[in-house]
Amino acid sequence: MTVSNTERALLDSIDEYEIVSLTAALIDAGGENPGDTEEKSAKVLADHCRALGFDVRTVEVAPGRPNVIVSIGSDERPGVLFVGHSDVVPAGTGWTTDPFSAVVRDGRIVGRGACDMKGGLAAVVAAMTAVQRAGLADEHPMTLACLVDEEDTGLGIRAFVADPPPRNYSHCVVAEPTDLVTIVGCRGAANLEIEVRGRSAHAGQPRNGANAIAAAARIIAIIEESQIELDENPDAELGPATWNVGTISGGTGTSMVADRCVLTVDRRLLPGEKAADVVGDLRSRIEAAHVTGSGIDVTIDVAMEMPGFLTSVNDGLVGTAVQSVLDARSETVTDIWTASCDGGFVAQQMGIGTVVLGPGEIESQAHRPDESVAVQQLTDSARAYALIATRIGALAGL
């Protein structure tokens, strides 16, 4: 696609220094989840955007945990919704730098959240700044929803889709790290906690008790059998839904029959699947296998649910995103994602075409010591976001 003179001026106005500075400030503000709140990061973003003259709204989802909704342009025209999050995973050990004191070295910003996803937030703000300065905001409205708790239970996105801003959106771009590959779909996720209650007894007479750990082992075998069935019925684009038993804890001593055992389980969801249905099926399998009874009781709780989504490659947003990245001087393809993200909520509950597209490499950089993102990718992302926003109006027939 030929880049117009207006678009070329827009691309040239993207300020790398502003992107790096905001990324660094957001990294320095922290926001480990679990263990901290996003309040400082939210304030950095909100103050920065207010200084630019953007419309900024904060909504406290929980104490010290505000969603920040930033908009430019008219609210009378459908715009592009960009989604990101202000929390980061705990820093952990193994860093060669202070994880919450950003540094730039060898063309990369290093710090916890640089890749996932403080850099993506800064790139969206830079794109909004360029569109605003070019006088194009009213014709091409943009909103950034910076949400809390993406890395844990999704409090932020649930609150946002339940009470979105009084604006209309034609499409959504989730600015998670994809190495600037346009992601058209991802599976969702459900975190389940399975508690098995038994009856304690002396290990010398185990039949007097009901061993919760042994019952939990049978449940794990049932989950493995379910996975075989899922593998035989994959989605054509996203592959099969999957189970993973993440943790197991139980018992109080070697010489005692375990009266309690808890499993935490990850179940990746295909678009349209609901955690409640998955739990219902698992309960039916457990009952059919006669795991319960004789002193054994099982409860299953959903600790977190995030829906998946799949946007058709024929959706105009996909082609616009791909071409915009190309025109921003970066190679691109489309793909599906092995991770899950807030985009599933947007696609499911707001009913708009959604892609995931952002700077950074989620598999090789995110959630690791010395997390980093290339400065050039931040700039390329900002340019692509600006082009997407200004091209969507034509796509929507406006």
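This structure is a prediction, so every number in the text was calculated from the model and none was measured.

(A) Expanded view of the overall build of the protein. Helices and strands together make up the secondary structure of the protein, namely 10 helices and 16 strands. The C-alpha atoms of the protein give a radius of gyration of 23 Å, which matches the 21 Å a tight globule of 398 residues would have. On the principal axes, the C-alpha backbone points of the protein span a range of 85 × 45 × 35 Å. When the 398 residues of the protein are sorted by exposure, 54% land in the buried category. Intrachain contacts of the protein at a sequence separation of at least 6 include 81% that bridge at least 24 residues. Put simply, the protein shows about 16,400 Å² of open surface, and 48% of that area lies on carbon and sulfur atoms. The positive charge centre, built from 29 side chains, and the negative charge centre, built from 56, are 3 Å apart in the protein.

(B) Seen up close, the environment of Val302. Relative to the elements of secondary structure, Val302 occurs in strand β12 (residues 297-306). With a relative accessible area of 39%, Val302 lands in the partly exposed category. The contacts of Val302, once residues within four sequence positions are left out, are Asn191, Leu192, Ala275 and Val279.

(C) Broad picture of the packing of aromatic side chains. In total, this model carries one aromatic pair according to the counting rule given. Aromatic side chains Phe82 and Tyr385 sit 5.3 Å apart centroid to centroid with 65° between the ring planes, which places their arrangement in the edge-to-face category. With a gap of 303 residues between them, Phe82 in strand β3 (residues 79-85) and Tyr385 in helix α10 (residues 375-395) connect regions that are remote in the sequence. The class for Phe82 is buried, based on a relative accessible area of 0%. Directly above the aromatic system of Trp243 lies the positively charged group of Arg267, at a separation of 5.3 Å from the ring centroid.

Procedures and definitions
- Residues numbered from 1 in each chain as written.
- Predicted model: local features only at pLDDT ≥ 70, side-chain atom pairs only at ≥ 80, totals over all residues.
- Heavy atoms only, no water.
- Helix = DSSP H or I, 4+ residues; strand = E, 2+ residues; numbered from the N terminus.
- Rg over C-alpha atoms; globule rule 2.2 N^0.38 Å.
- Buried < 20%, exposed > 50% of the residue type's maximum accessible area, 1.4 Å probe, protein only.
- Contact = heavy atoms within 4.5 Å.
- Areas by Shrake-Rupley, 256 points an atom, 1.4 Å probe, with all protein chains shown as cover.
- Lys, Arg positive; Asp, Glu negative; His and termini not counted.
- Charge placed at Lys NZ, Arg CZ, Asp CG, Glu CD.
- Phe/Tyr/Trp six-rings, centres within 6.5 Å; stacked < 30°, edge-to-face > 60°.
- Lys NZ or Arg CZ within 6 Å of the ring centre and 35° of its normal.

In short, geometric facts, not functional conclusions.
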